[in-house]
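# Coordinate inspection notes
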Amino acid sequence: MLTPAKMKFRKQHKGRMTGKACVGGRLSFGTVGLLATECGWISSKQIEAARIVLSRCVRRGGKVWIRIFPDKPITKKPAEVRMGKGKGAVEGYVAVIRPGRILYEMDGISDEVAARAMVLAGAKLPVQTKVIILSKEI
């Protein structure tokens, strides 16, 4: 799974997921992209599951770019533990997603096959997504 190599602080506040994405909203590498249309957290396991779907569809013909990285630690306390005694241990890492953020990009295969792969990858993610093809929307 994806995890940060080094962090300044081990635990973070939850924060707010309001507003739109200010960076990462345009296709930079490929011709087909997967765009988030709502806020949410995407865990490193979900990012990897969607990447596997995309690489299966690409085979050896094209290239996939992952445009998000899980750099926010999420903590959880064990089951049946009383309140207090501090914050729980780090459970995993998530990427904070805001509307308008490009999650994945593909290039090197036909647009129809890439769009179908992006729809399958979007089904693995907990946020609503849509496929972008060279400034056309599906």
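Report follows, based on the coordinates. (Residues numbered from 1 in each chain as written. Predicted model: local features only at pLDDT ≥ 70, side-chain atom pairs only at ≥ 80, totals over all residues. Heavy atoms only, no water.)

## Quick word on the overall build of the protein chain
Formally: What counts as a helix is a DSSP run of H or I of at least four residues, what counts as a strand is a run of E of at least two, and both are numbered from the N terminus. A 1.4 Å probe rolled over the protein chains alone gives each residue an accessible area, and that area as a share of the maximum for its type sets the label: buried under 20%, exposed over 50%, partly exposed in between. Two residues qualify as a contact provided that any one of their heavy atoms is within 4.5 Å of a heavy atom in the partner residue. Surface accessibility in these figures is a Shrake-Rupley result with a 1.4 Å probe; residues are shielded only by whichever protein chains are displayed. Asp and Glu are treated as the negative residues and Lys and Arg as the positive ones, with His and the ends of the chain left uncounted. Where a charge lies is defined by one atom per residue type: Lys uses NZ, Arg uses CZ, Asp uses CG and Glu uses CD.
For the protein chain, the count of helices and strands is two helices and eight strands. Along the chain direction, N to C, the helices and strands of the protein chain fall in the order β-β-α-β-β-β-β-α-β-β. Each of the three principal axes of the protein chain carries a C-alpha extent, and together these read 55 × 30 × 25 Å. Within the span of the protein chain, comprising 138 residues, buried residues form 31% of the whole. A separation of at least 24 residues holds for 79% of the contacts in the protein chain among residues at least 6 apart in sequence. As displayed, the protein chain offers around 9,100 Å² of accessible surface, 53% of which is attributable to carbon and sulfur atoms. Between the centroid of the 27 positive side chains of the protein chain and the centroid of its 10 negative side chains there is a distance of 9 Å.

## A closer look at the side chain of S44
Locating S44 in the fold gives a position in helix 1 (residues 44–58). In contact with S44, not counting residues within four places along its chain, are M1, L2, P70 and Y93.

## Quick look at the sheet that holds strand 5 (residues 89–97)
Our working definition: Two strands are said to pair when DSSP picks up at least two bridges between them. Helix axes are fitted only over the stretch in contact, all axes being lines through C-alpha atoms; the angle between N-to-C directions runs from 0 to 180 degrees.
Read from one edge to the other, the open sheet built from three strands follows the order 2-5-4, with strand pairing classed as antiparallel. Each end of this open sheet is capped by a strand with a single partner; those strands are strand 2 (40–43) and strand 4 (72–76). Pairwise comparison of adjacent strand axes, ignoring direction, gives a mean angle of 50° for this sheet. Note that strand 4 and strand 5 share five bridges and pair antiparallel. The partner of P73 across the bridge, within strand 5, is Y93. Sitting on the sheet, helix 1 is in contact with strand 2 and strand 5, with an inclination near 70° to strand 2.

## Remarks on the packing of helix 1 against helix 2 (residues 111–122)
Inclusion rule: Each angle gets one of four labels, with under 35 degrees taken as roughly parallel, over 145 as roughly antiparallel, 65 to 115 as roughly perpendicular, and the rest as oblique. Left-handed is the label given to a crossing in which the near helix is rotated counterclockwise from the far helix by less than a right angle, and right-handed is the label when the rotation is clockwise. As a working rule, the residues Ala, Val, Leu, Ile, Met, Phe, Trp, Tyr, Cys and Pro are called nonpolar, Asp, Glu, Lys and Arg charged, and the rest polar, with Gly in that last group.
Two numbers describe how helix 1 lies on helix 2: the axes approach to 9 Å, and their chain directions differ by 160°. On the basis of their axis angle, the class for helix 1 and helix 2 is roughly antiparallel. The two elements helix 1 and helix 2 cross, and the hand of that crossing is right-handed. From helix 1, A50, V53, L54 and C57 reach across to helix 2, where they touch V113, A117, M118, L120 and A121. Its residues assigned to classes, the contact of helix 1 with helix 2 shows nine nonpolar, no polar and no charged.

## Some words on the pairing of strand 5
Sheet topology places strand 2 next to strand 5; four bridges connect them, and they run antiparallel. Opposite S43, over in strand 5, you have V94 as the bridge partner.

## A word on the environment of K76
Along the polypeptide, K76 turns up in strand 4. Looking at K76, the relative accessible area reads 51%, which means it is exposed. Spatially, the C-alpha atoms of K76 and A89 are 5.8 Å apart, while their sequence positions differ by 13 residues. K76 has contacts with G88, A89 and E91, leaving out every residue within four places of it along the chain.

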